[in-house]
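# Structural overview
Listed below, chain by chain, are the residues.
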Amino acid sequence: MRLVTYGPPNGEEPGVLIDDHLLLPLRPVLGRAGLHIAEMGDLLGLWPAMEALVRQAVVAGDGAVPLDGLRLGPPVPRPGKIVAMGFNYPQHATGVLSGAEPAGDPVVFLKPPSALSGPNDPLVKPLETTQLDYELELGVVIGRACRRIRRQDAQAHVAGYMIANDVTARDIALGAGASNPLLLQIARGKGFPTFCPTGPWLLTSDEIDPDRPLRLTLSVNGERRQDAWTSSMLVDVPGLIASVSATMDLFPGDLILTGSPAGCGFQLDPPGYLHDGDRIQAAITGLGHMDLVVCDEVPDPLTVR
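### Examining the layout of surface pockets
What the second largest pocket holds in volume is close to 280 Å³. Taken together, 16 residues line the second largest pocket, and the ones lying closest to its centre are Pro210, Asp211, Arg212, Asp236 and Val237. Residues that form the lining of the second largest pocket fall into these classes: 9 nonpolar, 3 polar and 4 charged.

Next up, the structure:
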């Protein structure tokens, strides 16, 4: 199934796509069964008990509304955490590490959930950066809580998959870290609002063969920049879940970004950073299309000092 959220930012409601044109709101469906779900993470945590009910409602189609004109939000608007991976594709790692050996374990960092935005929302270029960059990634959403999960058991803890973009202000993220790694500002450079667009939908894990490679493509203003397969990842999804869960608890709704392939703007000659009006179109096999337009941040005179 293709699970979505819809509605205004910070007020999204859970839904499911019946087809490419109709959306079924899930709050009424679950409410009639006496189930009151506040957000998508709650639904995912109870998914084994609710899946049959949702599937029956999709078949019936009662209460479906046209998708046209609705804003789709991030499929999981309020995850407990966003865990991101660095250097998980060989060409991207080579471009960043400049010949240094990648770490033995996946390189992990966190993005704030406040960075999330929808698949067609504006990508806001902050006042502080002149090096706005994209990183197309496969997003994996946790469905069952886990800690120190074994690799062979990891797939059972996946709720589904979606498109994600780990947007980065390169000049802020690197900053003085070019001379001293202790001065890196990864959280700042990757944590601005709209720096983690996701969607359009969360495809439930039963609809994807975990052994089937998925193709990731991203274009800027019609120019293909990224084109790769998930089979190129240095550590696959089960391996990432096992590694991350060895360090921290994972809960339903938590989002794992699995790394970006080569072709980011900083790797081009000359660099291809994003500017006001640029259009970024991305797709992953079976997970739909993301379409973003960059807009410069407009300073608010009431908040800028």
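Let us keep going from here.
### Some thoughts on the packing of aromatic side chains
Each aromatic ring pair is characterised by the separation of its centres together with the angle its planes make. Summed over all chains, the structure comprises 1 aromatic pair. Ring geometry for Phe192 and Phe195: centres 5.2 Å apart, planes at 55°, overall tilted. Neither Phe192 nor Phe195 differs from the other in exposure class; each is buried. Seen from the ring of Trp201, Arg2 lies directly overhead, with NZ or CZ sitting 4.6 Å from the centre.

### So, the environment of Thr230
Examined against the element boundaries, Thr230 turns out to sit in the loop between strand 16 (223–229) and helix 7 (237–245). With 93 residues separating them along the chain, Thr230 and Glu137 place their C-alpha atoms 9.2 Å apart. Reaching out from Thr230, the side chain makes a polar contact with the backbone nitrogen of Leu214 at a distance of 2.9 Å.

### A word on the environment of Asp296
Here Asp296 shows up in strand 19 (residues 289–296). Sequence separation of Asp296 and Val29 is 267 residues, and the distance between their C-alpha atoms is 40 Å.

### Details of the sheet that holds strand 18 (residues 279–284)
The strand order 8-19-18-15-16 describes an open sheet built from 5 strands, whose pairing is mixed. Only two strands of the sheet have a single neighbouring strand rather than two, namely strand 8 (123–125) and strand 16. Between one strand axis and the next, the sheet turns through 20° on average, direction left out of account. Pairing analysis gives 5 bridges linking strand 15 (residues 215–220) to strand 18, with the strands arranged antiparallel. Each bridged residue has a counterpart across the sheet, and for Thr217 the counterpart in strand 18 is Ala283.

### What about the state of the cysteines?
Taken as a whole and assessed by the stated rule, the structure comprises 0 disulfides. You can see Cys264 has no disulfide; the closest cysteine sulfur is in Cys196, sitting 14 Å from it. Residue Cys264 is classed as buried on the basis of its relative accessible area of 0%.

Rules used throughout
In this numbering scheme, every chain counts its residues from 1 along its sequence in written order. In keeping with the model being predicted, local features are shown solely for residues with a pLDDT of at least 70 and side-chain atom pairs are shown and tallied solely at 80 or more, while totals for entire chains, interfaces and linings include all residues. Side-chain numbers here rest on the full set of heavy atoms in the structure, without hydrogens or water. Residues are said to line a cavity or pocket when one of their atoms sits within 4 Å of a point; the points come from a 1 Å grid over protein atoms alone, cavities being sets where a 1.4 Å probe fits but cannot get out and pockets being open sets with protein on both sides within 12 Å along at least five of seven lines. Grid points are joined across faces, edges and corners, and a volume is the space filled by probe spheres set on the points. Amino acids outside the nonpolar list (Ala, Val, Leu, Ile, Met, Phe, Trp, Tyr, Cys, Pro) and the charged list (Asp, Glu, Lys, Arg) are all regarded as polar, and Gly is one of them. Think of it this way: a Phe, Tyr or Trp ring, Trp meaning its six-membered ring, pairs with another when their centres are within 6.5 Å, and the plane angle makes it stacked under 30 degrees, edge-to-face over 60, tilted otherwise. We call a residue buried when its accessible area falls under 20% of the maximum for its residue type, exposed when it is over 50%, and partly exposed in between, using a 1.4 Å probe and counting protein chains only. Only Lys NZ and Arg CZ are tested; either one counts as a charge over a ring when it is within 6 Å of the ring centre and within 35 degrees of the ring normal. By definition, any uninterrupted DSSP run of H or I lasting at least four residues is a helix, any uninterrupted run of E lasting at least two residues is a strand, and each is numbered from the N terminus. Here a polar contact means two N or O atoms within 3.5 Å. Within protein one must be a hydrogen donor candidate and the other an acceptor candidate, and residues neighboring in sequence count only if both atoms are side-chain atoms. DSSP bridges decide pairing: two strands pair if at least two such bridges lie between them. Axis geometry follows a simple rule: fit a line to the C-alpha atoms, using only the stretch in contact for helices, then measure angles between N-to-C directions, giving values from 0 to 180 degrees. When the sulfur atoms of two cysteines come within 2.5 Å, that pair is taken as a disulfide.

Don't take any of this as a statement about function, it's just geometry.
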